[in-house]
Amino acid sequence: MNISRRKWLQGTGVMAGAMAGFSAPSQGAEVASGEVLFQKKLEVRYNVDIFIAGGGPAGIAAAVAARKQNAEVFLAEGHSCLGGMGTAALVPVFMQMGDGVHFLAEGVGREVVNRLKEERQLSHAHDIEALKRVYDTMLTEAGVRFTFYTQLSDVVAEDGKIQYVICSAPSGMFAVKAKIYIDATGNGDLAVWAGAAYEKGDAQGNLMPGTLCSQWSGIDWKTWREKRPKIVQPDGYRLAEAFADGVFTVKDEHLTGMHQLGENLGGGNIGHVFGVDGTDEKSLTEGLIWGRKSMKEYARYYTEYLPGFENAKLVATGSLLGIRETRRILGDYVLCLDDYQKRAVFPDEIGRYAYPIDIHPIQTGQESYEQHRKEFDEKFRYAKGESYGIPYRILTPRGLDNLLVAGRCVSMDTYVHGSLRVMPGCFITGQAAGIAASMAAEQGVSVHQVSVPTLQQKLKTFGAYLPNA
């Protein structure tokens, strides 16, 4: 017999009740073919209005917004905390919340900022432990059911509709049945496993490099501010000198830098892991190994070449590798560079954003770095008060009736992805997905049939910035 586990699941259905043991073990013929038949009765542990895969900023925003509409929600987070890149991966900054005039991440983004202010921890670089507590409190107070260490393992879809998902946790495997599903995984795992079409990387399939973020102690920030080089990188910051001295294995001209976290603490968004694929566990493993190894080189560089960092010590690296780019799910509309350049307005707008197009160089070298610098600092940068619209249609995957996407996997081209992928953009798309999902679940309609004017009104009541609705 030659049948995959997913095909078997699609042909059977999940049976409610206590989890049972395996069926008869696979015989030699299946093992010899390189496949085994896996069969198990699974408990339907949650039967809810909305299932959300992923507890990063998009999943958090979706869950809070959906609960405010009285939807029953279960969120599965595979790691040990909420927040994803902004907590477990130690990314030290949110990136911009507004356009220099307007606060664009109104709603969940505003609530996060206010709660961090109450903890007296908000600065350009955020206190990661405070942010973890804020997210925990927001979901708990909203009444969201969620569990950590809970991995999305499979999706069963039929005729354009997801029937249920399979999760794995320390207690074993279980099923979740929902009316509407939201993919906030970042990688678009739920959507792709359900059959959604997607794009990945640029026209040649190249992906932006990742970064293993880090935290450092012993930094004299006063000395750094007084004596820091005035010349822009890579000519400044003595990088060329460090390259010549053999400090670095990889000559990475794009030094994103260290952000002050406290009196003597810093958050490092430094170094790149080139060629990493966030959808491939082997690639992620190699990337983490290299990222941790490279921190010794950055420790030497900072302590020997930059003023104020003479006594800097590495405290920790992220438990997640910082991933900037993987899949982008193809929706009813693909938000594109032309929209960004036109500062587009859409009739189905669910928010606006303004972060510059930030595509990190896919390879080392002066030419690649200069292309990034010119795009980010000059070619695609907005003036104050300018922003682009985010249409609802980029949240609705083609061909699937009960699935929405939120966060960095929404439907956009590689250029807009360079802007919208950051945390404030995830708050904006996440809260819209949560409210739209609650509407679709309550009305029993496809996500493609949600009333946009009603959605926009609900978003405005929720606090979203929608000047054109």
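None of the values given here were measured: they were computed from a predicted structure.

**Section: the side chain of Asp189**
Then, in step 1: Relative to the elements of secondary structure, Asp189 occurs in helix H6 (residues 189–193).
Then, in step 2: Residue class for Asp189 comes out buried when judged on its relative accessible area of 19%.
Then, in step 3: Ignoring sequence-local partners within four residues, the contact set of Asp189 consists of Asp183 and Arg327.

**Observations concerning helix H5 (residues 128–142)**
Then, in step 1: Between its first and last C-alpha atoms H5 spans 21 Å; for 15 residues at 1.5 Å apiece the expected length is 21 Å, and the two agree.
Then, in step 2: Regarding H5, the residues found buried are Ile128, Ala130, Leu131, Val134, Tyr135, Met138, Leu139 and Ala142. Around the axis of H5, the buried residues are gathered within 160° of arc, so they sit on the same side. Opposite the buried face of H5, by more than 90 degrees, sit the exposed residues Thr140 and Glu141.
Then, in step 3: The secondary structure elements touched by the buried residues of H5 are helix H3 (57–68), strand S2 (73–76), helix H4 (108–118), strand S3 (145–147), strand S8 (214–217) and helix H13 (423–443).
Then, in step 4: A distance of 3.1 Å separates the backbone nitrogen of Glu129 from a side-chain oxygen at the start of H5, and that oxygen is part of Asp127.

**Side note on the nonpolar core**
Then, in step 1: By size, the foremost hydrophobic cluster in this structure holds 118 residues, and its most contacted members are Phe51, Tyr392, Leu404 and Leu420.
Then, in step 2: If one sorts the elements of this core by residue count, H13 sits on top with twelve residues.
Then, in step 3: Residues Trp221, Leu255, Tyr301 and Leu306 belong to the second largest nonpolar core, which totals 21 residues.

**Some remarks on empty space enclosed by the protein**
The gaps left among the atoms become clear once a water-sized probe is rolled over them.
Then, in step 1: As enumerated under the stated definition, the model contains four cavities of 30 Å³ or more in all.
Then, in step 2: In this structure, the largest cavity spans a volume of roughly 100 Å³.
Then, in step 3: In terms of lining, the largest cavity is formed by 15 residues, of which the most central are Gly271, His272, Trp290, Ser294 and Tyr298.
Then, in step 4: A class-by-class count of the residues in the lining of the largest cavity yields nine nonpolar, four polar and two charged.
Then, in step 5: There is about 50 Å³ of room inside the second largest cavity.
Then, in step 6: Asp252, Glu253, His254, His272, Phe274, Pro361, Gln363, Thr364, Gly365, Ser368 and Tyr369 are the residues that line the second largest cavity.

Rules used throughout
- Residues numbered from 1 in each chain as written.
- Predicted model: local features only at pLDDT ≥ 70, side-chain atom pairs only at ≥ 80, totals over all residues.
- Heavy atoms only, no water.
- Helix = DSSP H or I, 4+ residues; strand = E, 2+ residues; numbered from the N terminus.
- Buried < 20%, exposed > 50% of the residue type's maximum accessible area, 1.4 Å probe, protein only.
- Contact = heavy atoms within 4.5 Å.
- Expected span 1.5 Å × (residues − 1).
- Arc of directions from axis to C-beta.
- Polar contact = N/O pair within 3.5 Å; in protein donor to acceptor, adjacent residues only side chain to side chain.
- Core = buried A, V, L, I, M, F, W, Y, C linked by side-chain atoms within 4.5 Å.
- 1 Å grid on protein atoms, 1.4 Å probe; cavity = no way out; pocket = protein on both sides within 12 Å on 5 of 7 lines; lining within 4 Å.
- Points joined across faces, edges and corners; volume = space filled by probe spheres on them.
- Nonpolar A, V, L, I, M, F, W, Y, C, P; charged D, E, K, R; others polar.

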